[in-house]
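Secondary and tertiary structure notes
Each chain, letter by letter, is given below.
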Amino acid sequence: MRAAMAAAEVGDDVYNEDPTVRALEAKVAELLGQEAAVFVPTGSLGNQLGMRLLVQPGQELLCDALAHVARAELGAAAVFSGITFRTWPHRGGAVDLDEIRRLATPNAGPYLVSTAAIALENTHNFGSGRVLPAAERKAALAIADELGIGKHLDGARLCNAHVASGESLAELAAGFDTMSLCLSKGLGAPVGSVLASSADRIAEARVWRKRYGAGMRQVGILAAAGLYALDHHVERLADDHVRAQRRAEGLGAERPDTTIVILTGPDAAAVAVAAAEQGVLVSALGPQMLRLVTHLDLDDAGVERALAVLAPLIKIA
């Protein structure tokens, strides 16, 4: 990957002149079955642009209460786009179809906030990497179409969903208006995400990307890493899934669909600190929530080492 980055042909991406970036954008658009795509530095920015295209200031977006766009992007949708949220209760990443119907108020008039879009997350970060089942996904999209509201897909880990479910990326993205795909995470690129949609929406997204301060110049060196990741690191995600299942088994946790194991205990921060002192890094995502993620730099021996460190700490906690 680093050799590909060093050899990348570059140009000025602000002027849409970087050939490596253009190749990456074209590849992702084709994989997702979309007309166009735009390279962005982070998954959060990809989501923010996707939502900005669908929701006007003062309108609202519906999503899971622990969706990344609602909990882990620091209120950016409200700060930058004037978007408010209403959420359905988090139940492991499952979509509450009845709640979508109950919450949605499109074209609410001059007295209430109008619902403009929904956002679904596949796989679900805080839902133990849950893959959104096809029937559930299609039912939610059908409700959104019935209501006449937009549909954004937070596909940060969509490649994991592809490998775990056997559905193609285009099938997983079908029916959504905007969608993001991360090149870091399990794919192993050092940075970068891509937002895909129609050509008109992506042209508008380029304007907002620059407006948000994310216009990038000779960034083909980063796009090259993304291209390498898509060519070499997608199918191997299955190895990460197996290792996550081994880790869950060893710690008595729920078997994950993909790479994320969620543990609960009385003092997550204390466990994270104690594990770090022994060379094992885990994320404390709340007072009682720990997140463990497998990735391409973690081999079988690393999983066993992590289990040896974590098992007694979890029992103590």
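Numbers given to residues run from 1 along each chain, matching the order in which its sequence is written. Owing to the predicted nature of the model, reporting of local features is limited to residues with pLDDT of at least 70; listing and counting of side-chain atom pairs is limited to 80 or more, with chain, interface and lining totals taken over all residues. Note that the side-chain values use all heavy atoms of the structure and ignore hydrogens as well as water.

1. Description of the environment of Ala306
Applicable threshold: Helix numbers and strand numbers start at the N terminus; a helix is a DSSP run of H or I with at least 4 residues, a strand a run of E with at least 2. Residue contacts follow a heavy-atom distance rule, with two residues in contact if any of their heavy atoms lie within 4.5 Å.
Note that Ala306 resides in helix α14 (residues 300–316). When the C-alpha positions of Ala306 and Ala223 are compared, they lie 32 Å apart, and in sequence the two are 83 residues distant. Apart from residues no more than four positions distant in its own chain, Ala306 is found in contact with Arg247 and Val280.

2. Section: the packing of aromatic side chains
Our working definition: Between the rings of Phe, Tyr and Trp (Trp by its six-membered ring), a pair exists once the centres lie within 6.5 Å; its type follows the angle of the planes, with under 30 degrees stacked, over 60 edge-to-face, and the other angles tilted.
The tally for this structure, following the rule as stated, stands at two aromatic pairs. Feature note: the residues Phe80, Trp208 and Tyr212 constitute an aromatic cluster, connected by ring pairs.

3. Some details on the nonpolar core
Burial of nonpolar side chains together is a common tendency in soluble globular proteins. Note the cut-off: For this analysis, a nonpolar core means a set of buried residues of the types Ala, Val, Leu, Ile, Met, Phe, Trp, Tyr and Cys, connected via side-chain atoms within 4.5 Å. Summary of the burial criterion: residues with accessible area below 20% of their type's maximum are buried, those above 50% are exposed, and those between are partly exposed, where the area comes from a 1.4 Å probe applied to protein chains only.
Among the nonpolar cores identified, the biggest contains 48 residues, and Leu24, Leu32, Phe39, Leu120, Leu158, Leu183 and Leu187 are the most heavily contacted of them. For Leu187, the residues in contact, after removing those within four places along its chain, are Met1, Cys159, Cys182, Ala229, Leu230, His233, Val234 and Leu237. With 22 residues, the next largest nonpolar core counts Ala248, Ala272, Ala274 and Val303 among its residues.

4. Some remarks on the sheet that holds strand β2 (residues 60–64)
Within a sheet, adjacent strands bond to each other through the backbone by hydrogen bonds, running parallel or antiparallel. What counts here: Here the rule is simple: two strands pair whenever DSSP picks up at least two bridges between them. Orientation is described by lines fitted to C-alpha atoms, with helices fitted over the stretch in contact, and by angles between N-to-C directions that extend from 0 to 180 degrees.
Pairing is mixed in the open sheet, where seven strands are placed in the order β1-β7-β6-β5-β4-β2-β3. If you trace the sheet from one side to the other, it starts and ends with β1 (36–40) and β3 (84–88), each paired once. Strand-to-strand, the axes of this sheet are offset by a mean angle of 20°, without reference to chain direction. One ladder, built from five bridges, connects β1 with strand β7 (residues 193–197); its direction is antiparallel. Bridging from a neighbouring strand, Phe39 pairs with Val194 of β7. Along the sheet, helix α10 (residues 199–211) contacts β1, β6 (178–182) and β7; its crossing angle with β1, the most-contacted strand, is approximately 20°.

5. Some points on helix α11 (residues 220–232)
Using the following cut-off: Expected helix span is taken as 1.5 Å per residue step, with the number of steps being one fewer than the number of residues.
Over its 13 residues, α11 runs 18 Å from end to end, which matches the ideal 18 Å to within 8%, given 1.5 Å per residue. Listed in full, the buried residues belonging to α11 are Gly220, Ala223, Ala224, Ala225, Gly226, Leu227, Ala229 and Leu230. Structurally, α11 contributes buried residues whose contacts are with α1 (2–6), α2 (19–32) and β1.

6. Observations concerning the pairing of strand β10 (residues 289–293)
Two strands pair when backbone bridges link them, and strand β8 (residues 260–264) and β10 are joined in this way by five bridges, in the antiparallel orientation. Looking at β10, one finds that Ile262 is bridged to Arg291. As paired elements, strand β9 (residues 283–286) and β10 share three bridges and run antiparallel to each other. The residue of β10 that forms the bridge with Ala284 is Leu290. As consecutive antiparallel partners, β9 and β10 are separated by two residues.

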